[in-house]
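If you want the building blocks of each chain, they are given just below.
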Amino acid sequence: MKGHVFRLLTLILITQTSLFAQSENMAFIKGNRYIPLYGRDSTVVEVKDFEMDIYPITNAQFQDFVAKYPKWQKSNALKLFTDKSYLSNWENDFELKSSEKPDSPVTYVSWFAAKAYCECQGKRLPTVDEWEYVAMADENIRDARIKPDYNKQILAWYEAPRTNENSIGQHPKNVWGIYDLHGLVWEWTLDFNSVLITGESRKDVDKDSNLFCGSAAVNATDLMNYAAFMRYAIRGSLKAKYSMKNLGFRCVKDINK
Amino acid sequence: MKTIANYLPLFISLLFFSCFESKENQYDKAEDIPVTREMIAELTSPPNVPAPIGRRSAKKLIVKMEILEKEGEITDGVRYVYWTFGGTVPGSFIRTRVGDEVEFHLQNHPDNKLPHNIDLHAVTGPGGGAESSFVAPGHEKVFSFKTLNPGLYVYHCATAPVGMHIANGMYGLILVEPEGGLPLVDKEYYIMQGDFYTKGDNGERGLQPFDMQKAVDEKADYVVFNGKVGALTGDNAITAKVGETVRLFVGNGGPGLVSSFHVIGEIFDKVHIEGGDKINENVQTTLIPAGGAAIVEFKVDVPGTFILVDHSIFRAFNKGALGMLKVEGEKNKKIYSGEIRDDIYLPEGPGIQSMPTTDEIVESDIPAKSFEEQMQFGKQTYIQTCFACHQSEGQGIPNAFPPLAKSDYLNADVNRAIDIVLHGKSGEITVNGEKYNSVMTKQMLSSEEIANVLTYVYNSWDNSGKVVSKEMVDSVKNKK
């Protein structure tokens, strides 16, 4: 497994003309153009090269973070930036409840908290386009959305209860070397609310807006949309101060050439 | 001042044209009906409905509906993750009257994975409330609406992908009663049909995920009343007494199929067509569109078990759309005689019927490994195959189907029992001193399934406790 990371690293070092230092526990993502379910104008979007955390942020990592930045502790966090369920699976400012595992993904965090965490590491939250770009890969290819099995697996997770209580890294990594984009928790994105789902999803279909034309394409060959729809729906239902049991995050980093 | 001015023409018209009308306030428009006080709505799980509204005035009605994603059993041995309004499929029944101001609290349980919303067909407004109720897990949304039109309405989730949310069970009924309420009846029940699409075929054991492709093709594996096979049969049957009037609030959640709702052995005295004001009388089968409803009423005149079906009849007998209304009371021979005579009529052909055969009976994928499993699997086969005639406790039906419970005929000869399941049986037999003369068809079961079901029968209801193995079945099978 590790060997693979190194191989990938070597490959990157060879193929990349401009050298850069690979960050710890992050994987290099080669940018490209692709068509997401909902692009900003529902056409091709471009994703630049970036690095992404291999795993979602864990409870243990977030514990370190709040120890260092007291203003994000459960009792100190501003009500403007968090809601009542912020870290509600924590015993107090520093400890998890006994039922929680340190290597489970951290959840019950608001967008503000997630954003602050990433910034304190010199990173940022991924955009929806970046997240979706990496998440459309499976173990073997970068765009697995046409494979029925890929979609079925994701849908099966959407139906499985309490997956947030599992540990990170239990499922196979995808072709980029990234774990757990599907199968564990939903993840915050920087611009989660940039694609506005009104909550009246049928109207979104009718809307004379290119933004939503993807939704009209749901037919037998577009099973992939069903999984993606659900992600866009969950993002659309959120506000930045919300915290949720099934919602965590990971960070990305721009590559400075 | 303004309101008085509004009512003035009304009062005048009352004076001139309808001196004999009751003194109650009448409003031209439902939106003008004032509400007095707050009230928490009573919500009920199917097949029950809340108490009738009677003559109560319009109120501010507070409805608290909790969304739960939870695993349940769609039929014996087959589990399914339902998404529910109020923990049941269909969701809780909401009962209102015209002019009520409903304050709707939609609560999405924190354990849930997905955002949801609600579109109530009784709402006049964009999305039927869906726009205002889109709620993330662990949150609650509140919106309010005034009920303007009386009738029986479907509500459902309208979050993308809409079809999937409905297919997983997110629908229910809301009743808006007219001023003064619907006429009182003796019994009221709540029934809602829905179609389910599972990865495995009908009856395939284990946790079955939703199958999008089948849903798109509208090829349902299960078509059921109230969320699962058997939700309204056996001990769960709805009941009434002879002479009572029964009112059924029947909805159809879909997502795909339209229901031809029929009660075998009854004629609907009244049907509120499509749940609206218009009443049709003397109806045999009423069509209930997906996302629609109907109110049917009938007086039960004779005792017996009346079967509720979707008369697209394979759905009833092969996919689960079957319920029971059990009516107790005195027989009325004038209305229904029962069997008078049994004469021989044999124009041609063999005496024993058999089901159409494909020759190959597929062995069950999972053979039973222990006595406990034999009992468990046998019970499933019993419920699917034998239950309709021999009944839930093996008691049979007097004069028609012999009992299996404490049965001398059964316990006397195990090979004969195996032979009957394999090859069917017709002609007179005596069981526990009673004579029976009917036909049992040959059962299309594998040796394994026969061994399990007979083991189940022999080890239930005070029978001899014999264990039947696959080998015993095979030896009877190969005898001839």
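Residues numbered from 1 in each chain as written. Chains lettered and ligands numbered in written order. Predicted model: local features only at pLDDT ≥ 70, side-chain atom pairs only at ≥ 80, totals over all residues. Heavy atoms only, no water.

Looking at an unreviewed UniProt entry, one finds chain B named Copper-containing nitrite reductase and attributed to Aestuariibaculum suncheonense. According to the UniProt record, the Catalytic activity (unreviewed entry) comment for chain B reads "nitric oxide + Fe(III)-[cytochrome c] + H2O = Fe(II)-[cytochrome c] + nitrite + 2 H(+)". (UniProt positions renumbered as here; feature names shortened; annotations may be inferred.)

Looking at an unreviewed UniProt entry, one finds chain A named Formylglycine-generating enzyme family protein and attributed to Aestuariibaculum suncheonense.

What about the pairing of strand 1 (residues 26-29) of chain A?
Residues and elements named next belong to chain A. Side chains Met-26 and Phe-28 project from strand 1 onto one buried face, and the interleaved Ala-27 and Ile-29 project onto a second face that is buried too. In this structure, strand 1 lies alongside strand 4 (residues 50-53), joined through 4 bridges in antiparallel fashion. By the bridge assignment, Met-26 is partnered in strand 4 with Asp-53. (Buried < 20%, exposed > 50% of the residue type's maximum accessible area, 1.4 Å probe, protein only. Helix = DSSP H or I, 4+ residues; strand = E, 2+ residues; numbered from the N terminus. Pairing = 2+ DSSP bridges.)

Quick look at the pairing of strand 8 (residues 151-156) of chain B
One face of the sheet, then the other: side chains in a regular strand alternate in exactly this way. Residues and elements named next belong to chain B. Counted residue by residue, strand 8 has 6 buried out of 6 residues, so it is predominantly covered. Neither face of strand 8 is open: one carries Gly-151, Tyr-153 and Tyr-155, the other Leu-152, Val-154 and His-156, and all of them are buried. Judged from the 2 bridges that link them, strand 6 (residues 119-120) and strand 8 form a sheet pairing that is antiparallel. For Leu-120, the partnering residue across the bridge sits in strand 8 and is Tyr-155. Sheet topology note: the strand 8/strand 9 (residues 171-177) ladder contains 6 bridges and is antiparallel. Along strand 9, the bridge assignment pairs Gly-151 with Val-176.

Some details on the UniProt feature "binding site: Cu cation" (unreviewed entry) in chain B
Residue and element names in this part refer to chain B. In this numbering, the UniProt entry assigns the feature "binding site: Cu cation" (unreviewed entry) to His-116, His-121, His-156, Cys-157, His-165, Met-170 and His-311. In sequence the annotated residues extend across 196 residues, and in space they extend as well, their farthest C-alpha pair lying 32.7 Å apart. For His-165, the position within the fold is in helix 2 (residues 162-167). For His-165, a relative accessible area of 1% gives the class buried. Leaving out residues up to four positions away in the same chain, His-165 has contacts with Trp-83, Pro-115, His-116, Cys-157, Thr-159, Ala-160 and Met-170. Side chain to side chain, His-165 and His-116 meet in a polar contact 3.1 Å long. By the element assignment, Met-170 lies in the loop between helix 2 and strand 9. Residue classification places Met-170 among the buried residues on the basis of a relative accessible area of 0%. Setting aside residues up to four positions removed in sequence, Met-170 forms contacts with Ile-67, Trp-83, Thr-84, Phe-85, His-116, Tyr-155, His-156, Cys-157 and His-165. (Contact = heavy atoms within 4.5 Å. Polar contact = N/O pair within 3.5 Å; in protein donor to acceptor, adjacent residues only side chain to side chain.)

Description of helix 5 (residues 148-159) of chain A
Residues spaced three or four apart along an α-helix face the same direction, because each turn holds 3.6 residues. Between its first and last C-alpha atoms helix 5 of chain A spans 17 Å; for 12 residues at 1.5 Å apiece the expected length is 16 Å, and the two agree. For helix 5 of chain A, every residue scored as buried is listed here: Tyr-150, Asn-151, Ile-154, Leu-155, Trp-157, Tyr-158 and Glu-159 of chain A. (Expected span 1.5 Å × (residues − 1).)

Re the sheet that holds strand 16 (residues 268-272) of chain B
Residues and elements named next belong to chain B. Spatially, 6 strands are ordered 12-10-14-19-16-17 in an open sheet, and the strand pairing comes out mixed. Looking at strand neighbours, the two that pair on one side only are strand 12 (222-225) and strand 17 (279-283), the edges of this open sheet. Adjacent strand axes in the sheet meet at a mean angle of 20°, parallel and antiparallel pairs treated alike. Relative to strand 12, strand 10 (residues 187-196) is paired through 4 bridges, and the arrangement is antiparallel. Looking at the pairing, Gly-194 lines up with Val-224 of strand 12. (Axes fitted to C-alpha atoms, helices over the stretch in contact; angles between N-to-C directions.)

Overview of the side chain of Thr-82 of chain A
All names here are of chain A. With respect to the secondary-structure elements, Thr-82 resides in the loop between helix 2 (59-68) and helix 3 (111-120). Overall, Thr-82 belongs to the buried group, its relative accessible area being 1%. A distance of 3.0 Å separates the side chain of Thr-82 from the backbone oxygen of Leu-78, its partner in a polar contact. Excluding residues within four positions of it along the chain, Thr-82 makes contact with Trp-72, Ala-77, Ser-110 and Lys-241.

Considerations on the interface of chain A and chain B
Taken together, the contact between chain A and chain B spans 32 residues of the former and 31 residues of the latter. With both chains or domains summed, chain A and chain B bury close to 2,800 Å², and 62% of this area falls on carbon and sulfur atoms. The partner of Asp-111 of chain B in a salt bridge is Lys-245 of chain A, and the shortest N-O contact between them spans 2.5 Å. If you look at where chain A meets chain B, you find 5 residue pairs in polar contact (both at pLDDT 80 or more). Mapped by element, the contributors of at least two residues to the side of chain A that touches chain B are helix 5, helix 6 (201-206) and helix 7 (224-236) of chain A. By residue number, the principal contributor to the side of chain A that touches chain B is helix 7 of chain A, which donates 6 residues. (Buried area = accessible area lost by both parts, 1.4 Å probe. Salt bridge = Lys/Arg side-chain N within 4 Å of Asp/Glu carboxyl O.)

Brief notes about the nonpolar core
With 146 residues, the main nonpolar core has Phe-62, Trp-188 and Phe-249 of chain A together with Phe-104, Leu-120, Leu-248 and Phe-261 of chain B as its most contacted residues. With sequence-adjacent residues up to four places away left out, Leu-120 of chain B is seen in contact with Ile-94, Phe-104, Gly-128, Phe-143, Phe-145, Val-154, Tyr-155 and Ile-174 of chain B. Ranked by size, the runner-up nonpolar core spans 30 residues in total, among them Ile-307, Tyr-382, Ala-405 and Leu-422 of chain B. (Core = buried A, V, L, I, M, F, W, Y, C linked by side-chain atoms within 4.5 Å.)

A look at the packing of aromatic side chains
One pass over the full model with this rule turns up 29 aromatic pairs over all chains. With 5.3 Å between their ring centres and 75° between their planes, Trp-111 of chain A and Phe-112 of chain A make a pair best called edge-to-face. Judged by relative accessible area, Trp-111 of chain A falls into the buried class, the value being 14%. Members of the aromatic cluster, each reached through a chain of ring pairs, are Phe-62, Phe-65, Tyr-69, Trp-90, Tyr-117 and Phe-249 of chain A. Its guanidinium or amino end placed over the ring of Tyr-232 of chain A, Arg-235 of chain A lies 5.2 Å from that ring's centre, counting from NZ or CZ. Above the face of the Tyr-458 of chain B ring, Lys-466 of chain B is positioned so that its terminal group lies 5.4 Å from the ring centre. (Phe/Tyr/Trp six-rings, centres within 6.5 Å; stacked < 30°, edge-to-face > 60°. Lys NZ or Arg CZ within 6 Å of the ring centre and 35° of its normal.)

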